[in-house]
Amino acid sequence: MDWLWWIGGAFALGILEMLSLDLVLIMLAGGAVAGGVASAAGAPVWLQFLVAALTAVVLLATLRPWLLRRLRRRVPLEETNAAALVGKGAVVVSTVTLEGGRVKLDGEVWSARTSTPEALPPGSQVRVDRIDGATAVVAPAAG
């Protein structure tokens, strides 16, 4: 009946995978299923854990990357949080230099600095080149 613990663990990992959607916990669940099969076959506990670990590693190294590639082809990756702000336009609120300043970006005021040596006066239109921590690195908007 030890195999039921393995299957229960695999089921719990499967439920947690539905919350994370990272395709890691489901690979660990596959390892747990393999450990359960080893247990049902009468393998000693150390071998059950070895089978579970090796199966999980193989699944993580082979199946997960393949599944991620297929998923990315079917569903485009949509950036969120700070990564979604890169490339967006902003308006300078207080003069922005290499040392600092402020811009209004996506309805919020952000600390900012320029990616070029020129100072950008208030009211200037800028483009976000990257987000560095809590600071937007900006450049003059083209056009």
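Structure: above.
Described in the following lines is the structure provided in the data block. (Residues numbered from 1 in each chain as written. Predicted model: local features only at pLDDT ≥ 70, side-chain atom pairs only at ≥ 80, totals over all residues. Heavy atoms only, no water.)

## Some words on the pattern of salt bridges
This model, assessed by the stated rule, comprises 3 salt bridges. A salt bridge links Arg-64 to Asp-22, with the shortest nitrogen-to-oxygen separation between them at 3.4 Å. Placement of the pair is Arg-64 in helix H3 (residues 45-74) and Asp-22 in the loop between helix H1 (3-20) and helix H2 (25-40), with a sequence separation of 42 residues. On the basis of relative accessible area, Asp-22 is assigned to the partly exposed category, the value being 38%. Arg-113 is paired through a salt bridge with Asp-132; the nearest N and O atoms lie 2.5 Å apart. Placement of the pair is Arg-113 in strand S3 (residues 108-114) and Asp-132 in strand S4 (residues 125-132), with a sequence separation of 19 residues. When its relative accessible area of 37% is taken as the criterion, Asp-132 is described as partly exposed. (Salt bridge = Lys/Arg side-chain N within 4 Å of Asp/Glu carboxyl O. Helix = DSSP H or I, 4+ residues; strand = E, 2+ residues; numbered from the N terminus. Buried < 20%, exposed > 50% of the residue type's maximum accessible area, 1.4 Å probe, protein only.)

## Some words on the pairing of S3
Direction of pairing for strand S2 (residues 102-105) relative to S3: antiparallel, over a ladder of 4 bridges. Residue pairing for S3: Arg-102 is matched across the bridge by Ser-111. The turn joining S2 and S3, which pair antiparallel and follow one another in sequence, is formed by 2 residues; a positive phi near 55° is taken by Asp-106. (Pairing = 2+ DSSP bridges.)

## Let's talk about the nonpolar core
In terms of nonpolar packing, the biggest core is built from 13 residues, with Val-96, Val-103, Leu-105, Val-126, Ala-136 and Val-138 touching the most fellow members. Excluding anything up to four places from it in sequence, Val-103 contacts Ala-90, Val-91, Val-92, Val-93, Val-96, Glu-108, Val-109, Trp-110, Ala-112 and Val-126. Membership of the second largest hydrophobic core comes to 5 residues, among which are Ala-10, Ala-29, Ala-32 and Ala-52. (Core = buried A, V, L, I, M, F, W, Y, C linked by side-chain atoms within 4.5 Å. Contact = heavy atoms within 4.5 Å.)

## Here we look at H2
The end-to-end C-alpha separation of H2 is 22 Å, in line with the 22 Å expected for 16 residues at 1.5 Å each. Burial in H2 covers these residues: Met-27, Ala-29, Gly-31, Ala-32, Ala-34, Gly-35, Gly-36, Ala-38 and Ser-39. Along its buried surface, H2 packs onto H1 and H3. (Expected span 1.5 Å × (residues − 1).)

## Here's the deal with the side chain of Gln-48
With respect to the secondary-structure elements, Gln-48 resides in helix H3. Relative accessible area serves as the criterion here: at 5%, Gln-48 is assigned to the buried category. If sequence neighbours within four positions are ignored, Gln-48 has contacts with Trp-6, Gly-35, Ala-38, Ser-39 and Ala-43.

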